[in-house]
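Results of the structural survey
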Amino acid sequence: MSLTDSTSVPEQPERLLRLLWAPPSAGKRGPKRAFTRDEVVASAVRLADASGLSEFSMRAVAETLGMGTMSLYRYVPGRDELLALMVDAVIAETSFAHEGGESWRDQLEFAARGDWDLYCRHPWMLELPLDRISIGPNATARLDAAVAAAFSTGLTPRRALDVYSAIDHIVRGSAGAATQNDQFIRTTGVGIEQWWEQQAVHLDTLIDYSRFPALLTAIESNAFGPEQGSTNTYRDSFESALKLLLDGVEREISSKAQQRTTPR
């Protein structure tokens with residue numbers, strides 16, 4: 001079974017978790033290994049960065065290291081375990097939420113932008129059901145920091161986690177759209193603006209936009225186009241969505257504070 005299959009459950013979850021949290025120390029007996037486990041994981045990350053997970057396998061990783069597939073199993077017991085190690089390794093590239101500033105908003109924005117950049121550097125992560133990957137120490141530490149930032153809003157723990165979850169969905173959705181667009185451009189050589197310009201020539205002759213007044217208003221006001229001074233439509237859309245969400249959180253916090261101070 002594979003972690004890319006949403007129905008998959010690791011066959012030996014204890015083995016996987018122990019590998020993440022209590023990795024075996026390098027034994028002194030037997031021949032010296034050519035690589036450390038961290039080097040194996042780093043090589044696997046580079047392979048996934050280059051080609052995604054569609055052709056990712058233990059055999060492919062072994063080939064990048066110049067070893068046989070069976071030799072790779074001396075370092076990591078299986079593909080699921082390797083993927084979990086890769087995720088925890090790249091998450092270590094991100095900073096902790098509290099490094100983003102003093103306020104809860106600064107911290108949540110900082111964490112969200114770090115995650116967005118991480119997904120864009122390692123788009124294969126978006127192919128994985130991250131809610132179904134055993135969490136390692138690096139991911140746990142950064143999750144704890146982000147949850148602490150959400151808790152510092154003063155909202156109830158449940159509501160604060162709702163806020164964190166909504167941010168995570170915005171990050172993954174917008175980063176996914178950005179990486180898909182990058183892949184489309186690499187494959188076709190056609191940018192998004194050029195693609196829609198080609199579509200518009202034909203759509204204008206086929207669609208009676210008077211039947212779709214909301215879309216007509218959006219088109220005539222150039223609401224679908226990039227904002228003035230924009231250099232990355234997807235990044236700008238991500239920032240806009242994040243701002244809308246956090247503005248709403250601030251209004252909710254302010255409203256609750258006002259209710260507490262208003263005499264009954």
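Above: the structure in question.
Residues numbered from 1 in each chain as written. Predicted model: local features only at pLDDT ≥ 70, side-chain atom pairs only at ≥ 80, totals over all residues. Heavy atoms only, no water.

1. Considerations on the pattern of salt bridges
Under the defined criterion, the tally for this structure stands at 14 salt bridges. A salt bridge links Arg-159 to Glu-252, with the shortest nitrogen-to-oxygen separation between them at 3.0 Å. With Arg-159 in helix H8 (residues 157-188) and Glu-252 in helix H11 (residues 233-261), the pair connects residues that are 93 residues apart, well separated along the chain. With relative accessibility at 37%, the residue Arg-159 sits in the partly exposed group. Where Asp-247 meets Lys-243, a salt bridge forms, and the shortest distance between an N and an O atom there is 2.8 Å. Note that Asp-247 and Lys-243 are positioned in helix H11 at a spacing of 4 residues, about one turn of the helix. Judged by its relative accessible area of 18%, Asp-247 is buried. (Salt bridge = Lys/Arg side-chain N within 4 Å of Asp/Glu carboxyl O. Helix = DSSP H or I, 4+ residues; strand = E, 2+ residues; numbered from the N terminus. Buried < 20%, exposed > 50% of the residue type's maximum accessible area, 1.4 Å probe, protein only.)

2. Describing the environment of Glu-39
Topologically, Glu-39 is positioned in helix H2 (residues 37-51). As a C-alpha pair, Glu-39 and Leu-65 span 26 residues in sequence and 9.4 Å in three-dimensional space. Here Thr-36 takes part through its backbone nitrogen, which lies 2.9 Å from a polar atom of the side chain of Glu-39. (Polar contact = N/O pair within 3.5 Å; in protein donor to acceptor, adjacent residues only side chain to side chain.)

3. Structural notes on the packing of H8 against H11
Relative to each other, H8 and H11 sit at 170°, their axes nearing to 9 Å. For the element pair H8 / H11, the angle class is roughly antiparallel. In contact with Arg-159, Val-163, Ala-166, Ile-167, Ile-170, Val-171, Ser-174, Ala-177, Ala-178 and Asn-181 of H8, H11 contributes Tyr-234, Phe-238, Ala-241, Leu-242, Leu-245, Leu-246, Val-249 and Glu-252. (Axes fitted to C-alpha atoms, helices over the stretch in contact; angles between N-to-C directions. Parallel < 35°, antiparallel > 145°, perpendicular 65-115°, else oblique. Contact = heavy atoms within 4.5 Å.)

4. Quick word on a nonpolar patch on the surface
There is a patch of nonpolar side chains on the surface, built from Phe-184, Ile-185, Ile-192, Trp-195 and Trp-196 and spanning about 430 Å² of accessible area. Going through the elements one at a time, H8 and helix H9 (192-206) are the ones with two or more residues in the nonpolar patch. Of the residues forming the nonpolar patch, the biggest block, 3 residues, is contributed by H9. Turning to its location among the elements, Phe-184 is positioned in helix H8. (Patch = residues over 30% accessible without salt bridge, like charges linked within 9 Å, V, L, I, M, F, W, Y side chains within 5 Å. Areas by Shrake-Rupley, 256 points an atom, 1.4 Å probe, with all protein chains shown as cover.)

5. Here's the deal with H11
Compared with the 42 Å implied by 1.5 Å per residue over 29 residues, the 42 Å span of H11 between its first and last C-alpha is a close match. Looking at H11, one finds that the buried residues are Phe-238, Leu-242, Leu-246, Asp-247 and Val-249. Lining the buried residues of H11 we find helix H6 (104-121) and H8. (Expected span 1.5 Å × (residues − 1).)

6. A few points about the packing of aromatic side chains
The tally for this structure, following the rule as stated, stands at 2 aromatic pairs. Arranged with centres 5.5 Å apart and planes meeting at 20°, the rings of Trp-116 and Phe-238 form a pair that is stacked. Pair noted here: Trp-116 is in helix H6 and Phe-238 is in helix H11, with a separation of 122 residues, a long-range link. One exposure class covers both Trp-116 and Phe-238, and it is buried. Seen in terms of ring centroids, Trp-195 and Trp-196 are 4.9 Å apart; in terms of plane orientation they differ by 85°. Their pairing is edge-to-face. (Phe/Tyr/Trp six-rings, centres within 6.5 Å; stacked < 30°, edge-to-face > 60°.)

7. Focus: the side chain of Ser-43
Mapped onto the elements, Ser-43 comes out in helix H2. The residues contacting Ser-43, other than those within four sequence positions of it, are Thr-64 and Leu-65.

8. Topic: H2
Under the 1.5 Å per step criterion, the end-to-end length of H2 is 21 Å for 15 residues, consistent within 8% with the ideal 21 Å. Immediately downstream of H2, the backbone of Gly-52 shows phi near 75°, a positive value.

9. Things to note about the nonpolar core
Membership of the largest hydrophobic core comes to 57 residues, with the highest contact counts inside it found for Phe-56, Leu-72, Leu-82, Met-86, Trp-124 and Met-125. Among the elements of the structure, helix H1 (13-21), H2, helix H3 (58-65), helix H5 (79-91), H6, helix H7 (137-151), H8 and H11 are those that each provide at least two residues to this core. Per element, the largest residue contribution to this core is 8 residues, and it comes from H5. (Core = buried A, V, L, I, M, F, W, Y, C linked by side-chain atoms within 4.5 Å.)

10. What to know about unusual backbone geometry
You will see that Asn-222, though not glycine, has its phi angle at about 60°, which is positive. Summarising the element assignment, Asn-222 is placed in the loop between helix H10 (213-220) and H11. Judged by its relative accessible area of 52%, Asn-222 is exposed.

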